[in-house]
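Listed here are the chains, written in short residue letters.
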Amino acid sequence: MKIIVCIKQVPNTTEIKIDPITNTLKRDGVPSIINPDDKTAVEAALQLKEKCGATVTVITMGPMQAEKALREALAMGADEAFLISDRAFAGSDTLATSTIIAAAIKKLGADVVFCGRQAIDGDTAQVGPQISEHLGIPQITYAAAIDYNAERGSLVVKRQFEDRYQTLEVKGQCLITILSTLDKPRYMNVWDIIEQDEKEIGIITFNDIEVDPAAIGLKGSPTKVKSTATKQFDKTIETLELDPESAAKAIVDALKSRHLI
Amino acid sequence: MANYKSILFEQMIKDFAENEVKPLAQEVDEQERFPAETVEKMAKLGLMGIIVPKQYGGAGGDYRMYISAVEELSKACGTTGVVLSAHMSLCVAPILEYGTEEQKQKYLPDLASGRKIGAFGLTEPNAGTDAANQQTTAVEMDDHYLLNGSKIFITNAGYASTYIIIAITGKGPKGPEMSAFIVESAFDGFSVGKKEKKMGIRGSSTCELIFENVKVPKENLLGKRGDGFKIAMKTLDGGRIGIAAQALGIAEGALDATIAYVKSRKQFNRSISQFQNTQFVLADLATRVAAAKALVYVATDAKQNKLPTLSVNAAQAKLYSSETAMEVTTKCVQLHGGYGYTREYPVERMMRDAKITEIYEGTSEVQRMVISGALLRK
C-alpha cells in the first residue's frame, strides 16, 4: 500500500499577533510548523505503515522554505518527500491548489491519500475534498480513527459528526481527511533525524505535471479576497442584581438580542 | 544549505523536555524516584544511543547532539539530564573508545537501544579526589579476574546493568597498577548497597556497589591491563562536558522560570521586572549563562574532533558552568523572594540540583588543578 500524505506548512498561530494598523497577521519571526491536522495525518500513515507495511510519501505545495516541514515528516519516519513548487503556482486559491496537488498525486501514484481536515491559517477544509474530486476517487472526511483489516485488506474509518460517529469500510483507492484528535503525533526520532540528511527531497514543478495553465495560479483562482477584518470586542460590562429566575431570563434575552441563540 | 539535522534535533529535544520531562520534575524530586518511564521514552526516540554508530544499533549522531540533549533535559529536570550523561559519557563512550570489536558488538546494541542502562565506578570511600588510592582489587586467575571491594556514589546504580569498574590489578612502576573492566550486574557476587539520600538530583539513583568474589571474564578487560587510570581520567574528561551541559541547562531553566515570574509578580503596584535591580541582575545572569554555553560547546567540539586541548576545555567548561549554575539559581531564588524558597516554584529544586555540579566528576578545585597544571607545564 502506498500512502501519500498532503501536508501544509503554516505559521504557528499560537504565537501570531495582529498588526494593529494594517489588521493583517504579523508573520515576521513567527515560527512555521506542520499544520496540526496534517501532522496527525502523518502519524496515521506511519501507524498504518507499522500495521501493514505501507510506504509513506509526504508532499507539500509551497515555497522552498516548506522543505523543513517535509524533513520533519521524514524525521518522524516517512519514507520519501516531494515539494511541489513553481512560480506558476503562486497565488493559487484552494481550487487551483487542489488541481495542482491532484496532478502531482496522479504522477506519483497512490493507493490512499491522507490530508489533514483543515489548516489553521485558512481554515477552509476544502483542499482535501477537492483533490479527491479531481482524482475521481471516494473521500472520507473527518476521520477520528483508522484501522486496518488485514483479512480483507481494507481500511475501517470512524467518521466524526457533531453528535455521532459513522464507521465505514473502504477498499481500493480513496482519500481520507484526518482530525488532529485521531492521535498525538509522535516525536521525531534520532535515527530518522540523521537519516533524513541523506535523503533528497524531490521537486515537482509545472513541467513535471499535466495541468491546464489556465486552471492554476492567480488566473486559475476564482476566489477573490475582498477584505479582511479583525473582530472587535465590546468590553462594556453590565452588572444586574436580580433573583435567579429573572437573571436567567435576562441572560437569555441578552443572548437573543445579539443573535447568539 | 540549512543543517536540518541540528534544527530538527533541537526542535525534537525541546518539545520532548517541555512536554514529557518538565511535568514530572517536581514529583521525581519529591518522591526521590528514578524517572524510569522517561528513560523508556528516551530510548524509543534513540536518545540513549545518540553517539553510537549505526552498526552497533545507535543513531550515528555526533557529540553536539548528545550534549544539547543533556542541556535541554536539564533545563526541565536535572535528574533526567544526569541519567543520560552518566549512561553515555561514562559507560557508552569508553566502550566505544577502548572496547574491542567483540565488546562493542556484545554491549553497545543493548546500551544504544536503552534496553540496558550504563554506569561507571571509580569513587571509593577513601578514593574521592585522590582517585589513585583504590582498594578494589581484580586478581588475574585462569580465565577470569576475581573482583573484590566496593564503590560509592555510583550514578544510575541499581537501574544500570552494565558498569565500567576500575580496580587494582597489581603493582606498577609508580604505584598500584589499575585496569578497567566491563562488569554486568548479573555476575554472581555483584550487589547494590546503600542508596544515598541527597540534597539535589534526588530522582537520580546514587548507590554503593559491592563486589564479593565477582568472576569477571578476561574478555571483559577494557583496554590494556594497566590502562585503567588513564581510561578513567580520559572518560572523566568527556563526562565533565556532560556535567557542564547539565549545569548549563539547570541555569537556563532557572533563568526562564525567573523571567516569567518577575513579569507576573507585582509589588508597589508594578511588576517587579520594572525595577532596575531585577533588570540588572537578570542581565548579568543571562550574560554568564551565554559565556558558559560558549565554553560548553568549545569543549564539545574538542571532544568531537579529538583535539589535544580537550582536558583543559572540558575542565574550564565544567568549572565555569557549574559555578554559573550555583550563582544563577541562588539569585533566581532571591528574585522570587519568599515564594522562591518554597517547593511551589521550581527554582529551589534547581538551586539544590545545581550544587552537585560543582562536586561530582571532579570538584571545582580539581578542575582548577587540571587547568593550572596545563598552564604551568608549558
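Relevant structure appears above.
Residues numbered from 1 in each chain as written. Chains lettered and ligands numbered in written order. Predicted model: local features only at pLDDT ≥ 70, side-chain atom pairs only at ≥ 80, totals over all residues.

1. Comments concerning the overall build of chain A
What counts, and what does not: Strands are runs of DSSP state E lasting at least two residues, helices are runs of H or I lasting at least four, and both sets are numbered from the N terminus onward. With C-beta atoms placed from the backbone, a contact is any residue pair whose C-beta atoms sit within 7 Å.
In terms of helices and strands, chain A carries 6 helices and 13 strands. In terms of overall dimensions, chain A has C-alpha extents of about 65 × 45 × 40 Å along its principal axes. Taking contacts inside chain A between residues at least 6 apart in sequence as the whole, the part at least 24 apart equals 70%.

2. Looking at the overall build of chain B
Threshold: Taken over C-alpha atoms, the radius of gyration is set against a globule rule of 2.2 Å times the number of residues to the power 0.38. Think of it as a crowd count around each C-beta: if 20 or more other C-beta atoms lie within 10 Å the residue is buried, if 12 or fewer it is exposed, and in between it is partly exposed, with C-beta placed from the backbone throughout.
When helices and strands are tallied, chain B shows 10 helices and 10 strands. Over its C-alpha trace chain B gives a radius of gyration of 21 Å, about what one expects of a compact globule, namely 21 Å for 378 residues. Counting only C-alpha atoms, chain B reaches 80 × 45 × 45 Å along its principal axes. Scored against the burial criterion, the 378 residues of chain B give a buried share of 52%. For chain B, long-range pairs separated by at least 24 residues make up 74% of all intrachain contacts whose partners lie at least 6 apart in sequence.

3. Digging into the interface of chain B and chain A
In many reports, interface size means the accessible area that the parts give up when they come together. Stated precisely, the cut-off is as follows: Any residue that is not Ala, Val, Leu, Ile, Met, Phe, Trp, Tyr, Cys, Pro, Asp, Glu, Lys or Arg is counted as polar, Gly included; the first ten are nonpolar and the last four charged.
On the chain A side, the residues contacting the 14 residues of chain B number 13 residues. Taken together, the residues of the side of chain B that touches chain A sort by class into 9 nonpolar, 3 polar and 2 charged.

4. So, the pairing of strand β2 (residues 137-140) of chain B
Residues and elements named next belong to chain B. To keep things clear, this is the line we draw: Strand pairing is assigned whenever DSSP detects at least two bridges linking the two strands.
Pairing between β2 and strand β3 (residues 144-155): 4 bridges, direction antiparallel. Pairing of valine 139 across the sheet is with leucine 146, part of β3. The turn joining β2 and β3, which pair antiparallel and follow one another in sequence, is formed by 3 residues.

5. Some details on helix α2 (residues 67-76) of chain A
Residues and elements named next belong to chain A. Among the 10 residues in α2, 9 count as buried, and that is most of the element. Taken together, the buried positions of α2 are occupied by Glu67, Ala69, Leu70, Arg71, Glu72, Ala73, Leu74, Ala75 and Met76. Backbone geometry just after α2 places glycine 77 at a positive phi near 130°.

6. Looking at unusual backbone geometry
Even without glycine at this site, tyrosine 142 of chain A takes up a positive phi of about 55°. Topologically, tyrosine 142 of chain A is positioned in strand β9 (residues 139-149).

7. Quick look at the packing of helix α1 (residues 4-30) of chain B against helix α3 (residues 63-76) of chain B
All names here are of chain B. Keep this limit in mind: An axis is simply a line fitted to the C-alpha atoms; with a helix, the fit covers only the stretch in contact. Between two such axes, the angle follows the N-to-C directions and lies from 0 to 180 degrees. An angle below 35 degrees is treated as roughly parallel, one above 145 as roughly antiparallel, one from 65 to 115 as roughly perpendicular, and anything else as oblique. Helix crossings fall into two classes, left-handed where the near helix is turned counterclockwise from the far one by less than a right angle and right-handed where it is turned clockwise.
Look at α1 against α3: their axes get within 8 Å of each other, and the N-to-C directions meet at 30°. It follows that α1 is roughly parallel to α3 by the angle criterion. Pair α1 / α3 crosses with right-handed handedness. Residue-level inspection shows Phe9, Glu10, Ile13, Lys14, Ala17, Glu18, Val21, Lys22 and Ala25 of α1 in contact with α3, the latter providing Met65, Ser68, Ala69, Glu72, Leu73, Lys75 and Ala76. Residues belonging to the contact of α1 with α3 are distributed by class as follows: 9 nonpolar, 1 polar and 6 charged.

8. Some remarks on the environment of proline 35 of chain B
Residues and elements named next belong to chain B. With respect to the helices and strands, the residue proline 35 is situated in the loop between α1 and α2 (36-44). Between the C-alpha atoms of proline 35 and alanine 232, which are 197 residues apart in sequence, the distance is 27 Å. For proline 35, the residues in contact, after removing those within four places along its chain, are Leu24, Val28, Thr79, Thr80 and Gly203.

9. So, the sheet that holds strand β10 (residues 154-160) of chain A
Residue and element names in this part refer to chain A. Taken together, 9 strands build an open sheet; the order of strands is β11-β10-β9-β12-β8-β1-β6-β7-β13 and the sheet is mixed. Looking at the sheet topology across the chains shown, the edges are occupied by β11 (165-170) and β13 (202-204). Between one strand axis and the next, the sheet turns by 30° as a mean value, whatever way the strands run. In this structure, β9 lies alongside strand β12 (residues 174-178), joined through 3 bridges in parallel fashion. Directly across from isoleucine 140, in β12, lies its bridge partner isoleucine 176. Helix α3 (residues 94-108) rests against β1 (2-6), β6 (55-61), β7 (80-84), β8 (112-116) and β13 of the sheet, and its axis sits at about 150° to β6.

10. Let's talk about the nonpolar core
Stated precisely, the cut-off is as follows: Under the definition applied here, buried Ala, Val, Leu, Ile, Met, Phe, Trp, Tyr and Cys residues are grouped into a nonpolar core through C-beta atoms within 7 Å.
One finds Val5, Ala73 and Phe114 of chain A together with Phe181 and Val296 of chain B to be the most contacted residues of the largest nonpolar core, which totals 189 residues. Broken down by element, this core gets its largest block of residues, 17 residues, from helix α6 (residues 228-264) of chain B. Filtering out sequence-adjacent residues up to four positions away, alanine 73 of chain A remains in contact with Ile7, Ile34, Val42, Val58, Ala78 and Ala81 of chain A.

11. Let's talk about the packing of α3 of chain B against α6 of chain B
Residues and elements named next belong to chain B. Between α3 and α6, whose axes approach to 7 Å, the crossing angle comes to 35°. For the pair α3 and α6, the sense of crossing is right-handed. Contacts between α3 and α6 involve Ile67, Val70, Glu71, Glu72, Leu73, Ser74, Lys75 and Ala76 from the first element and Ile241, Gly242, Ala245, Gln246, Leu248, Gly249, Ile250, Glu252 and Gly253 from the second. A breakdown of the residues in the contact of α3 with α6 according to their chemical character gives 8 nonpolar, 5 polar and 4 charged.

12. Points about helix α1 (residues 36-52) of chain A
All names here are of chain A. Keep this limit in mind: By definition here, a helix of n residues has an expected span of 1.5 Å times n minus one.
Over its 17 residues, α1 runs 24 Å from end to end, which matches the ideal 24 Å to within 8%, given 1.5 Å per residue. Along α1, 12 of the 17 residues are buried, which leaves the element largely enclosed by surrounding structure. In the segment just after α1, glycine 53 is the residue with positive phi, at about 70°.

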